[in-house]
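Residue-level listing of the chains:
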Amino acid sequence: MLSPQMEQALARISWDLPGIAVEKESFRRIEEECADVKRSMSPECWFVARRLIHTTADTGIAPLLAFRNDAIAKGVQALKSGARILSDSRMIQAGLSVPKLARCNASYSRESIVCHIADTDVAEKARQTGRTRALCAMEKARDLDELNGAIVLIGNAPLALAQLVRFIFEGAVEPALIVGMPVGFVNVCESKELLALCQTPHIVLEGRRGGSPLAVATVHALIEIALRD
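A few points on the structure. Predicted model only: the values in this text are computed from it and were never measured.

1. Some details on the overall build of the chain
Then, number 1: In terms of regular secondary structure, the chain is built from 12 helices and 6 strands.
Then, number 2: Computed over the C-alpha atoms, the radius of gyration of the chain is 19 Å, within 12% of the 17 Å expected from 2.2 N^0.38 for a compact globule of 229 residues.
Then, number 3: The principal-axis extent of the C-alpha atoms belonging to the chain is close to 60 × 45 × 35 Å.
Then, number 4: Counting across all 229 residues of the chain, residues that qualify as buried make up 46%.
Then, number 5: Taking contacts inside the chain between residues at least 6 apart in sequence as the whole, the part at least 24 apart equals 69%.
Then, number 6: Carbon and sulfur atoms form 53% of the exposed surface of the chain, whose accessible area is close to 11,700 Å².
Then, number 7: Of the side chains in the chain, 27 bear a positive and 27 a negative charge, and the two mean positions are spaced by 1 Å.

Here you go:
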């Protein structure tokens, strides 16, 4: 027999809402709670921000988002052209929807999403040099010429972002778009501040917050924008 407390808790659940209705109501509540932030952004920037808020249930991240150097337009263009996607974590690699990507460009497949973080040679180089696998993975991507014209997603390792920007400063690579959302306490803010000095189109979540799910959600939002055009 259920207690009155259990009955009350169960009664608060909306049991019969289909998935599409849940998403619609979630977006309605986000719009209601973030009306002031929405007014401060372009429609395209807000579209991305709203998707990230939906992913995290954190309305506080919207003011921390920066879209620089025509990032959304350049990102959409890169997706439509079938640009390679390079990520710093296997979570991003697994989380991106290939069917959604293929709606932008039929050439997209799982192999279009590259991540070297777990490669044997990367792990061995990291062990021998005493550096992180993220640094060594970014070096491998540079050496294989995988960064030029690519969409680079950083949702985990700030050193991967810092190394990428250093390569750009040195004139070694030029990605189409960088999504800079590493998370943590060490090198995170510093790497994002470094990215702000870069002329490459980029979307960044300032401060210590971030994560692979946010990088994935950003690309999925860009896909939706691309398919509306």
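This is not the end of the story, as more comes after the structure.
2. Notes on helix α12 (residues 212-228)
Then, number 1: Taking 1.5 Å per residue, 17 residues should reach 24 Å; α12 reaches 25 Å between its end C-alpha atoms and fits that length.
Then, number 2: Where burial is concerned, most of α12 is hidden: 13 out of the 17 residues are buried.

3. Description of the sheet that holds strand β1 (residues 65-68)
Then, number 1: Taken in spatial order, the 6 strands of this open sheet run β1-β6-β5-β4-β2-β3, and their pairing is mixed. Two strands in the sheet have a free side with no partner beyond their single neighbour: β1 and β3 (113-114).
Then, number 2: In terms of strand pairing, β1 meets strand β6 (residues 202-205) through 4 bridges, oriented antiparallel. Each bridged residue has a counterpart across the sheet, and for F67 the counterpart in β6 is I203.
Then, number 3: In the packing of helix α10 (residues 158-169) onto the sheet, contacts are made with β4 (151-154) and β5 (177-180), and the angle to β5 comes to roughly 150°.

Parameters and conventions
Residues numbered from 1 in each chain as written. Predicted model: local features only at pLDDT ≥ 70, side-chain atom pairs only at ≥ 80, totals over all residues. Heavy atoms only, no water. Helix = DSSP H or I, 4+ residues; strand = E, 2+ residues; numbered from the N terminus. Rg over C-alpha atoms; globule rule 2.2 N^0.38 Å. Buried < 20%, exposed > 50% of the residue type's maximum accessible area, 1.4 Å probe, protein only. Contact = heavy atoms within 4.5 Å. Areas by Shrake-Rupley, 256 points an atom, 1.4 Å probe, with all protein chains shown as cover. Lys, Arg positive; Asp, Glu negative; His and termini not counted. Charge placed at Lys NZ, Arg CZ, Asp CG, Glu CD. Expected span 1.5 Å × (residues − 1). Pairing = 2+ DSSP bridges. Axes fitted to C-alpha atoms, helices over the stretch in contact; angles between N-to-C directions.

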